[in-house]
Amino acid sequence: MKRIFLITAILLLVVGCQKNENPLNIDTNLPLGTGAGNLPTVINTDPSNACQLIDDDPETPGIQATITVSFSNYMDEATIKENARVANTTRGEDVSNLAISYNPDARKLYIRHTDWSENNAYLLTLAGIKNKWGKPIDGNKNGKEDGTPYDDALSSFYTAGSMPDSCVWIVPPRLAELIPDTTRIADTLSAIMVSFDSRMDTTTLISDNFSLVSETGASIQLDRSSVTENSVTFTPRSILRFGNIYSITIISKDVKAKAPRNTPDYILILDADVDGSEADEPDYRSYFLCDTISAPTVSVSNVNNSLRFDFDQNMDTATLTIENIRAFDQTGYIPGTMTITNNNTRLDYYFSRPTQGAFQAFVSKEVKSACGMMLDGQTTPNGIGGEPWDDFWWLQSN
Ligand SMILES: [Ca+2]
Ligand SMILES: [Ca+2]
Ligand SMILES: [Ca+2]
Ligand SMILES: [Ca+2]
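Residues numbered from 1 in each chain as written. Chains lettered and ligands numbered in written order. Predicted model: local features only at pLDDT ≥ 70, side-chain atom pairs only at ≥ 80, totals over all residues.

K.L.:
I keep staring at the nonpolar core and nothing clicks. Help me out?
P.N.:
Soluble globular proteins tend to bury their nonpolar side chains together. Within the largest apolar cluster, 74 residues are counted, with the highest numbers of intra-cluster contacts made by Phe309 and Val363. When residues of this core are assigned to their parent elements, the largest contribution, five residues, is made by strand β8 (residues 121-126). Apart from residues no more than four positions distant in its own chain, Val363 is found in contact with Val298, Phe309, Asn324, Ile325, Leu375, Gly377 and Phe392. (Core = buried A, V, L, I, M, F, W, Y, C linked by C-beta atoms within 7 Å. Buried ≥ 20, exposed ≤ 12 C-beta atoms within 10 Å, placed from the backbone. Helix = DSSP H or I, 4+ residues; strand = E, 2+ residues; numbered from the N terminus. Contact = placed C-beta atoms within 7 Å.)

The structure is reproduced here in structure tokens:
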């Protein structure tokens, strides 16, 4: 009895392992429509990126090993075999004598070599391969067709004696933080600090590639005050003016990573919009407000079957109109009358009809403080009022 159980268990295990290899099983990993409208992707590479390729034949001298690539979709075998390439990035040359095979049912590509060089790093490139429906590989997995080389599927690995650090990069650098970024500062000589998620080429972290422009269109000269492998700080040469919005632009194509030699050139370019490499990487754009005066914010509460709007500062009452301040219940808009108290910081909204269900309230970004600042109504106020997302919405919670 025990033995039968064991055999059954082993059988189940084997069947379990083979599940993806068996074309008769329905594979729930397949995208809807079996790829006709979806871009195929690489779902797994063995060895994983920047990992070691292990000798699978210890009896034979040298390194014998196979790279396995699994696809999300059924691939066009011919395009794979023509376009699978492995480069020795340590030596800067392509690897020849690769045995390439593709299992169409399992959607797996096998690349074998019987004499991988020790102490080297490699890059696998699948450039412009297609699925059976002619859709190109989405190597950077952003759901868009970016063309080759931007959508080449890449994976790096190394052999015994080498290290992950020696592997070339397969993803471009990105911004980690920008200070100040869409916020209000009350400093007319504010430093501009930019940090990156990867090691950067510091010769590209220069003022030529970063610009600061006031809302009047005037350029402010930046001086680099400090630089590290991952960050750069600039200070404006002239003082900023209160009440001005300043735009920061980072020229993506000129801001580059310092990656190991033989990393593809396009991988070095800043991925400003965080969607992978592309032919025309947009520049990174942000802004901040230089001002000592804060934008007003509002909170709403339900008090004795009326709505109470509390502003954090004195308001311009001419802007507190029935167009700008609205109340709703389950049945829709609730007409009402408004009473303003507490030194123009409080507005009580009394309903002109019976109400039903939970309340909602709306305050337009057009309302202004007594100082003339527009509402900063976003969920987490950023210190700048009147932005497109600064209308304030409140939903009564139960
Ligand atoms: Ca061996
Ligand atoms: Ca893509
Ligand atoms: Ca991009
Ligand atoms: Ca805002």
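K.L.:
Whenever I open this one, the sheet that holds strand β15 (residues 222-227) confuses me. Can you help?
P.N.:
Within a beta sheet, neighbouring strands are joined by backbone hydrogen bonds and run either parallel or antiparallel to one another. With respect to topology, four strands assemble into an open sheet ordered β10-β12-β16-β15, the strand pairing being antiparallel. Bordering the open sheet on either side are β10 (175-179) and β15, each of which pairs with just one other strand. For this sheet the average axis-to-axis angle between neighbouring strands, irrespective of direction, equals 20°. In this structure, β10 lies alongside strand β12 (residues 192-196), joined through four bridges in antiparallel fashion. (Pairing = 2+ DSSP bridges. Axes fitted to C-alpha atoms, helices over the stretch in contact; angles between N-to-C directions.)

K.L.:
Looking at this model, I keep getting lost on the environment of Ser352. Mind explaining?
P.N.:
Summarising the element assignment, Ser352 is placed in the loop between β24 (346-351) and β25 (360-363). For the pair Ser352 and Gly383, spaced 31 residues apart in sequence, the C-alpha separation works out to 35 Å. Residues in contact with Ser352, not counting those within four places in the same chain, are Pro335, Gly336 and Thr337.

K.L.:
Which parts of the structure should I look at to understand the domain arrangement of the chain?
P.N.:
Interfaces are frequently sized by the accessible area removed from exposure as the parts join. Once the domains are mapped, the chain shows domain 1 (17-166), domain 2 (175-290) and domain 3 (298-395). Distance from the C-alpha centre of domain 2 to the C-alpha centre of domain 3: 37 Å. (Domains from an automatic or database assignment.)

K.L.:
Help me understand the sheet that holds strand β13 (residues 210-214) in this model?
P.N.:
Sheet architecture is open: five strands sit in the order β11-β18-β17-β13-β14, paired in mixed fashion. The sheet is open, and its two edges are formed by β11 (184-185) and β14 (219-220), each paired on a single side. Taken together, the seven bridges between strand β17 (residues 244-250) and strand β18 (residues 284-290) define a ladder with antiparallel strand orientation. When the sheet's bridge partners are listed, Asn244 is paired in β18 with Cys290.

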